[in-house]
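Understanding the architecture of this molecule
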Amino acid sequence: ALIKHALEIYHSSKEDIDKVKAIGQITEGMMHSDWEKYNLLVKKMVEKQLATNLAPDLEKRYLHSLATSINNMGIIYNEKGEIPKALECFHRSLKIQEKIGDLDGTATTINNIGTIYNSQGDIEKTLEYLLKSLTIREEIGDKKGIAQSHNNLGSIYYKLTDNPKALSYFKKALRINEQIGNKEGIAYSLTNIGNAYDTENLRLGLSYHKRSLKLREEIGDRKGQATDLFSIGNDLFKLGNKKEALVYAKRSYKLGNELGYPDYIQKTALLLSQIYQESGKYKEGWEMYRVHINLRDSIVNVRNKNIALREGEKYEYEKEKAIQKAEYNKQLEVVAEREQKQRVINYAITGGLVLSILFGVFVVSRLRITRKQKMVIEEQKELVDEKNQEITDSITYAKRIQEAILPPSVEVNKHLKDGFVYYRPKDIVAGDFYWLETVGDVVLYAAADCTGHGVPGAMVSVVCNNALNRAVREYKLTEPDLILIKVRELVIETFEKSDQEVKDGMDIALCSINFKTNKLKFSGANNPLYIVRDNAVIETKGDKQSIGRFAGISPYSSHEIELEPKDVIYTFTDGYPDQFGGPKGKKMKYKPFKELLLSLSQKPVEEQHQLIDEAFDTWKGNLEQIDDVCIIGVRV
């Protein structure tokens, strides 16, 4: 109906401007039905706008329309995989938008360029453009755009496996979308948060994907439904629920075929293949695997990366050249004005002229010195930036090593079935860590806090984690107090090999649970144990001595507790109660922390994890996180 009405206007109108408007309406309708016709119509609209002799008061409005049309062409080329043409359109659109001061359009186009660099694997350029877009959107108060930028930035850090930073951006986007009632944006943010949690807490990730799916079904977003159906099926499969996983995977596969998206079909076919194989249905599994292989081989496309880089460099060069030209013209105007004034000056004031010349010589001299200093500073800055990047790369790699010593989420979910681990390092690497080991029917687990945080803390955590493993695996110890005594010996032995005096160590809450007998044994070095029972918190204090070389060393106490059904056990480090925040910017301390755990204890464990995270962000506000945080919760 839209196309038909627009065609009537186009053929009946004698004014070029009306024809331009009609073509714009036609393109909007055609975009949803025929990409090729849409592409041709957009080109026709652009040509008509360029040929139209617009009145001065209409020029800005139609330049805006022209930039939008060219930007739409770029989106089409990007969808078709023609990256060089897409970048060319985006840069043409950007020049027009900057000329007329269209900040909203500029932010959108810059964001589009950033997403292309991301698809080509150039993370540095991607972050550069996405941050530029976010800055502009914040300046003009475009909340929907700000949320989109946060989601895009979160996706980049998720790609870099920096989950804390990714979650921070995703949650900012979620809060903004909820404020403005943008259901599509809310669903997108929920999916992103679910993806980030999938790597560390499958149950929590699953809950976010289900929330997103429900919302996408409400708004009729079929593409988003396919994404969430796959994620839910994948999470359920990893949690061992093959029957329910198969239902969701089949729905995702069916919807992917209906939509005609090879990516969805390919990855869902692989998931179905794995589920069928695990279920003993080898024929169906082999058929799905063949679908996966055939589609996988046809999707790969990396040929346009170098072209994208050249287009970006060309645009930056042309923009810089335009700035330099404008600056040069401005300088010419200043010189002309100065010469005009000079003509009316009394040539007799020789002394003033001499002073001016001397002052000019002084200024030139200072300028030369300043330029030399600037060159030295810039060289030093480049060196510092290079070293900083090397350090960051090394720390990021160290993070992978540290993550390798942590228990996999599959193992945690298997042995602490109704439990959760909330782990939030302050920096890329952490001094806090969690540990888990099983001996027969006994599950040993701990929340540990090594001296310091960041790189020093992480190095100590590797030593202490190794000592815990040796105490159980090599020395066959299962009693928490004896394990801590042996760990202290091993840590001291390790540090005594150094010529330097090392007094670093570890605070820890170590539990031993037999779920068949419902008996818990606990020993702690400075850190306590909380058990929530009958709407009250029972606290068992640890010994006031850290693991390491300290004065007044004595054996660790052992506490044995008979557990009751519905008891909730919490072990933790001091990062959460020591965090500064709230209305007065002070530490939370242990009493409010204990009240928080009590208020959440009756909720499902995956919801507890989410609420603990949200409460931490709310309390911290805009203040910096001061320490690593680790909390383990287990329901009997």
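Keep in mind that what you see is a predicted model, and the values were worked out from it rather than measured.

Some details on the overall build of the chain
Looking only at helices and strands, one finds 22 helices and 12 strands in the chain. Burial statistics for the chain: of 636 residues in total, 45% are counted as buried. Within the chain, contacts between residues separated by at least 24 positions form 63% of all contacts whose residues are at least 6 apart in sequence. For the chain, the accessible surface area stands at approximately 34600 Å², while carbon and sulfur atoms represent 54% of it.

Re a negative patch on the surface
A surface patch of negative charge is lined by E378, E379, E382 and E386. Take E382: it is sitting in helix α17 (residues 350-405). Residue E382 is classed as exposed on the basis of its relative accessible area of 57%.

Thoughts on the sheet that holds strand β12 (residues 629-635)
Two orientations exist for strands paired in a sheet by backbone hydrogen bonds: parallel and antiparallel. An order of β1-β12-β9-β6-β7 is seen for the five strands of this open sheet, with the pairing classed as antiparallel. Two strands bound the open sheet, and with one partner strand each, they are β1 (419-424) and β7 (536-540). When the angles between neighbouring strand axes are averaged without regard to direction, this sheet yields 15°. Of the strand pairs in this sheet, β1 and β12 are connected by six bridges, and their pairing is antiparallel. Bridging from a neighbouring strand, F420 pairs with G633 of β12.

Observations concerning the sheet that holds strand β4 (residues 506-514)
Read across the sheet, five strands follow the order β2-β3-β4-β5-β8 without closing on themselves; strand pairing throughout is antiparallel. The open sheet terminates on both sides in strands that have one partner only, identified here as β2 (432-439) and β8 (559-562). For this sheet, the mean angle separating the axes of adjacent strands, direction not counted, is 15°. Along the sheet face, helix α19 (residues 454-473) touches β2, β3 (442-450) and β4 and points at about 10° away from the line of β2. Against the sheet, helix α20 (residues 480-496) contacts β3, β4 and β5 (519-525), and its axis sits at roughly 30° relative to β5.

Some remarks on the packing of aromatic side chains
One pass over the full model with this rule turns up 10 aromatic pairs. Pairing Y576 with F616 gives two aromatic rings, centres 5.1 Å apart and planes at 55°, and the pair type is tilted. Residue Y576 is located in the loop between β9 (568-572) and β10 (580-581), and its partner F616 is located in helix α22 (residues 605-620); the two are separated by 40 residues in the primary sequence. Residue classification places Y576 among the buried residues on the basis of a relative accessible area of 1%. The rings of Y530, F572, Y576, Y590, F593 and F616 are connected pair by pair, giving a single aromatic cluster. Note that K132 overlies the ring of Y129, its terminal NZ or CZ placed 5.1 Å from the centroid. Geometry around Y475 places K486 over its ring, the cationic atom sitting 4.3 Å from the centre.

Remarks on a positive patch on the surface
Taken together, K584, K586, K587 and K589 make up a surface patch of like positive charges. Relative to the elements of secondary structure, K589 occurs in the loop between β11 (586-587) and α21 (590-600). Residue K589 is classed as exposed on the basis of its relative accessible area of 56%.

Observations regarding the pairing of β1
Most of β1 is tucked away: six of the six residues are buried. Neither face of β1 is open: one carries G419, V421 and Y423, the other F420, Y422 and R424, and all of them are buried.

Topic: the pattern of salt bridges
Side chains bearing opposite charge may pair, as long as their charged atoms lie close to each other. Enumeration according to the criterion identifies 24 salt bridges in this entry. One salt bridge in this structure joins D221 and R216, with 2.6 Å as the shortest N-O distance. An identical accessibility class is assigned to D221 and R216; each is buried. K519 is the partner of E560 in a salt bridge, and the nearest nitrogen-oxygen pair spans 3.9 Å. Of this pair, E560 sits in strand β8 while K519 is found in strand β5, placing the two residues 41 residues apart along the sequence. For K519, a relative accessible area of 35% gives the class partly exposed. Residues joined in a network through salt bridges with shared partners are K171, R424, D613 and D617.

The rules behind these values
- Residues numbered from 1 in each chain as written.
- Predicted model: local features only at pLDDT ≥ 70, side-chain atom pairs only at ≥ 80, totals over all residues.
- Heavy atoms only, no water.
- Helix = DSSP H or I, 4+ residues; strand = E, 2+ residues; numbered from the N terminus.
- Buried < 20%, exposed > 50% of the residue type's maximum accessible area, 1.4 Å probe, protein only.
- Contact = heavy atoms within 4.5 Å.
- Areas by Shrake-Rupley, 256 points an atom, 1.4 Å probe, with all protein chains shown as cover.
- Patch = residues over 30% accessible without salt bridge, like charges linked within 9 Å, V, L, I, M, F, W, Y side chains within 5 Å.
- Salt bridge = Lys/Arg side-chain N within 4 Å of Asp/Glu carboxyl O.
- Lys, Arg positive; Asp, Glu negative; His and termini not counted.
- Charge placed at Lys NZ, Arg CZ, Asp CG, Glu CD.
- Pairing = 2+ DSSP bridges.
- Axes fitted to C-alpha atoms, helices over the stretch in contact; angles between N-to-C directions.
- Phe/Tyr/Trp six-rings, centres within 6.5 Å; stacked < 30°, edge-to-face > 60°.
- Lys NZ or Arg CZ within 6 Å of the ring centre and 35° of its normal.

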